[in-house]
Every structure is written in structure tokens, then in C-alpha cells.
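So you can see what is in the structure, the chains are spelled out below.
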Amino acid sequence: MTAREEEAGPSGLASALIASGALQSDWLPTFEAVRRAVFVPARIWPGIPAGTRQNALVDRDKDPDAWLAAVYSDIPLTTQWDDGEHTGDTVGRTPTSSNSQPRMVFGMLGDLEAREGHKVLEIGAGTGWNAGLMSHRLGSKNVVSIEYDPEVAKAAIRNLRDAGLSPTIIVGDGRLGYPEGGPYDRVIATCSIREVPYTWVEQTVPGGIIVAPWGTGYGGEAIARLVVDEDGKASGHFTRSSAFMRLRQQRPDRADHATYLKGREWPADGIKTTTTLSPEDIDGWVEQFAISLRVPETFWSVEHDTDGSYVVWFYGGDRRSWASVDYEPGASEYLVVQSGPRRLWDETEAAYRWWEEQGRADFTRFGLTVGPDGQIPWLDLPNNPV
């Protein structure tokens, strides 16, 4: 470790991670041996903890101290925008590869419970740091990582080589797994998914564990920890909230605003009502997660005004149903307009009221069961589907 690295604070990051409960003592030697700095490129856009925004570019060649400070902070670091199409210094449209937040990395590794002798399949190599950590702990021969982007995979391989590690890196579609290297004791995804590919279950031994960020795309996301049983199903609770980039093959195909209004001015053919439920009340991450389970195939956007007011737009996957809710600071009643076969605000409000009736359940009360016929979210127990 260089003097500059020591000054930047890797030991301070370790202390923070231990204090948070994410970094357990058995992973500490691996954290110290597999330095994050080896796996971070020169150009990064630091994020915020447990968030989805990125700050301005930090370039190691221009400001090495700021770069090291970012590397040894408990924040995610965006390393690619727009599948590599964006190459400028500004932020791009969509972050598409990163070095994940250390607290999330070690929290998920704790959920995985990988032990000596276990064989692990990783979906999403990214910069290679996660695969490097597992390779140090389990041995490179026991780690297979799949990366869809060939350029990202090349960089990960270089980083791993520089760290003296050599897991198997496969360029391919992560949904398919890698049966040639299986069966696996553990599967971990470093990208979020909407559907758990059943191939992951099939390639995992009974009693094996699958850990993956899961969310519908409406909003709210959490880490699913699933245990595979003898009958070919995987089931388990969510362990914590998360915010990951979506698996490329499961990115949503969303129509634009004009498709729903068909070129007409608002309120078009919408039906006007009012609600006492404030859009502010449904804005939390767990609220969005709970609502998403009860209101499928829906997404939303926000249109802000300069005075603090805004409009929330809800859109249905049928490309016909939409709703808008006008928020004004200090108001106790809000204008609602709905159109199409579905009444999306009515569905959203009913889902929120249901969540309140369940005692405002947090992420850990929800769970997921995956089988050959699909997946079923549930609350508290698998026999209580949402």
C-alpha cells in the first residue's frame, strides 16, 4: 500500500464498514489484500451512498488526491455511461457500469455466506473487484464471472491480473448462467433484475444460495436472498434496500409521454377527481417497493415547477393507461386525472393503503419464491403472496 493510499484512508473505510456491520471480521483480511484502488479506472464519477445520482468527473491524472479520496469512501463510483457510447467529461444519460458501494458489496457477500470449497457464479463482472474479493477468499478456480460488455470484461481481467488473481471471466448473457462451470454453491448478481432467470436456480445445488438485487422498475429495490430446495425452487426474504444498474437484457421498454396522450393537451380525455393522499407520502424507497408489487407493469415520472409544485405522471405497460397527480406545497387535497382501461392512481392509492394496513412493512418482511413457472413475491411467509 502506498503512502498516499494510507493517507487517503483505506483503514478508515475498513473501520466505517466494520462499524456499519457490513464488513465482518472474516472478510477483513480480504478487504486489505484486494485493494479497491486496483479495480478503479482513472476516470470516475463518484456517487452518493445508497443513491442513484453521480457527482462531477474525478480524473486521477489531474487530481490524484481527490481520486483516492473517492476510492476510499463508502460510495459507488460510476465507470461507464450509456453502454460506453458517452466519452466526455460530463455525466451521460444513464450509468451502465460501476464499482459498487463498499457497504453494499460486503453486505451482499455476507448474505452470500460463501465458504471454503464453494464454487460461485457472479453475474456482472464490472471492474472485477467483487470477483477479486471472492477469488482471494475462495480461490480463483472457484469463481466464474459473466460480463456482457466485452470492453468492461477486458478491463476487469486486466485489473484482476494486476491484483494477482485469475477467476474465469466469460463474455456473455448473464441470464443464461454458465453451466460448463457448474453446478454452483452460490450465485450473486451485481446488477438488478426484474425476473430471476430460472437457469440460475437450475445451476445451483440444493441448499445453495442466490443473492441478487430485485425490483420491478416502478421504484424501490431490495436484495433477494434465495435458498434453493430439492424441488427446484428458490425462496427467501429480502435483506436490505439497494440501487443497482439493471441487467441489460431486462431493461424496460417504455413508451414516451406523447404515446399516452396521443398528442392531445392535458387533461385529454382524462377523468378528474381529487385525493387526500399526498404524492410526498408515496415517495419513499420502501413505499415504492410495496406499491410496485401491487401495481404491476407501471412506471412514473415527475415534472417539476419552480415554485415547489410538481406533477407526478403514472404510465401503464399497456401504453394506454395514464394518470397525473398535481402536488402543491401546503395543500390537503390534490387534483387527479386518470385515463385508459386502468385507473392507475386508484391502484396506487389502494396499494399504499394496503401497505399501511400491513404495519408499514419494511423490506425484510417481503420475500420471493422462484420456480420453473415464474416468481411470486410474498409478505412474511411464502404462503402469503402479495
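The preceding data block contains the structure.
A quick note: this is a predicted structure, and the numbers were derived from the prediction, not measured. Sequence order as written defines the numbering, with residues in each chain counted from 1. The model is predicted, so local features are restricted to residues of pLDDT at least 70 and side-chain atom pairs to those at 80 or more, both for listing and for counting; the totals for chains, interfaces and linings are taken over all residues. Side-chain metrics rest on all non-hydrogen atoms present in the structure, leaving aside hydrogens and water.

Some words on the sheet that holds strand β1 (residues 43-46)
Sheets are built from strands paired through backbone hydrogen bonds, the pairs being either parallel or antiparallel. We treat two strands as partners when DSSP finds at least two bridges between them. The helix count covers DSSP runs of H or I at least four residues long, the strand count covers runs of E at least two residues long, and both are numbered beginning at the N terminus. A sheet is described by the order of its strands in space; here four strands give the open sequence β2-β1-β3-β4, paired in antiparallel fashion. Looking at which strands have only one partner, the edges of the open sheet turn out to be β2 (58-59) and β4 (95-99). In the sheet, strand β3 (residues 77-81) pairs with β4 via four bridges, with the strands oriented antiparallel. Counted as the bridge partner of Q80 is S97 from β4.

Description of the side chain of E349
Its place among the elements puts E349 in helix α11 (residues 344-357). If we ignore the near neighbours within four places in the chain, the residues touching E349 are T275 and L277. It only takes one pair of heavy atoms within 4.5 Å for two residues to be counted as in contact.

What about a negative patch on the surface?
Only residues whose relative accessible area exceeds 30% and that form no salt bridge are eligible for patches; like-charged ones are grouped when within 9 Å, while nonpolar side chains (Val, Leu, Ile, Met, Phe, Trp, Tyr) are grouped when within 5 Å. Computed with the Shrake-Rupley method and a 1.4 Å probe, the accessible areas treat only the protein chains shown as cover for residues. Here a salt bridge means any side-chain nitrogen of Lys or Arg lying within 4 Å of a carboxyl oxygen belonging to Asp or Glu. Within this scheme the basic residues Lys and Arg register as positive and the acidic residues Asp and Glu register as negative, but His and the chain ends are omitted. The atoms used to mark charge sites are NZ of Lys, CZ of Arg, CG of Asp and CD of Glu. Together, E303, D305, D307 and E328 line one region of the surface with negative charge. Take D305: it is sitting in the loop between β13 (298-304) and β14 (310-316).

What to know about the pattern of salt bridges
Following the criterion strictly, the structure yields 20 salt bridges and no others. For D26, the salt bridge goes to R137, with nearest N and O atoms at 2.9 Å. Placement of the pair is D26 in the loop between α2 (10-20) and α3 (28-33) and R137 in helix α6 (residues 129-138), with a sequence separation of 111 residues. Three exposure classes are used, based on accessible area relative to the maximum for each residue type with a 1.4 Å probe and protein chains only: buried under 20%, partly exposed in between, and exposed over 50%. For R137, a relative accessible area of 24% gives the class partly exposed. Linking R360 and E356 is a salt bridge whose minimum nitrogen-to-oxygen distance equals 3.6 Å. The class for R360 is partly exposed, based on a relative accessible area of 42%. In this structure E356 comes out as partly exposed when scored by relative accessible area, which is 32%. Within this structure, E287, E349, R353, E356 and R360 form a network of salt bridges that share partners.

Topic: the sheet that holds strand β10 (residues 222-228)
Spatial strand order, β7-β6-β5-β8-β9-β10-β11-β17-β18: nine strands in an open sheet with mixed pairing. Of all the strands in the sheet, just β7 (168-171) and β18 (374-379) have a single pairing partner and so form its edges. Here the average twist between neighbouring strands, direction ignored, is 20 degrees. The pairing of strand β8 (residues 184-189) with strand β9 (residues 204-214) spans four bridges and is classified as parallel. Considered in β9, the bridge of V187 is made with I210. The convention used is that axes are lines fitted to C-alpha atoms, helices contributing only their stretch in contact, and that angles between N-to-C directions extend from 0 to 180 degrees.

Remarks on the nonpolar core
Among the buried residues, those of types Ala, Val, Leu, Ile, Met, Phe, Trp, Tyr and Cys that are joined through side-chain atoms within 4.5 Å form a nonpolar core. In this structure, I123, W200, W214, F314 and F366 are the most contacted members of the largest nonpolar core, which totals 51 residues. By residue number, the principal contributor to this core is α11, which donates six residues.

Concerning the packing of aromatic side chains
Aromatic pairing here means that ring centres of Phe, Tyr or Trp (its six-membered ring) are within 6.5 Å. Orientation follows from the plane angle: under 30 degrees is stacked, over 60 is edge-to-face, and everything else is tilted. Under the criterion given, the structure shown has 19 aromatic pairs. Between the aromatic rings of W214 and F238, the centroid separation amounts to 5.7 Å while the plane-to-plane angle is 45 degrees, which identifies the pairing as tilted. Taken together, the residues W214 in strand β9 and F238 in strand β11 (residues 234-241) connect sequence positions 24 residues apart. Residue W214 shares its accessibility class with F238, and that shared class is buried. Taken together, a centroid distance of 6.2 Å and an interplanar angle of 75 degrees make the contact between W214 and F289 edge-to-face. Of this pair, W214 sits in strand β9 while F289 sits in helix α10 (residues 285-294), and the two are 75 residues apart along the sequence. Chaining the aromatic ring pairs together yields one cluster made of W214, F238, F289, W354, F363 and F366. The rule is short: NZ of Lys or CZ of Arg within 6 Å of the ring centre and within 35 degrees of the ring normal puts a charge over the ring. The ring centre of W67 lies 4.9 Å from the NZ or CZ of R60, which sits over that ring. Cation over ring: R137 sits above W27, and NZ or CZ is 4.6 Å from the ring centre.

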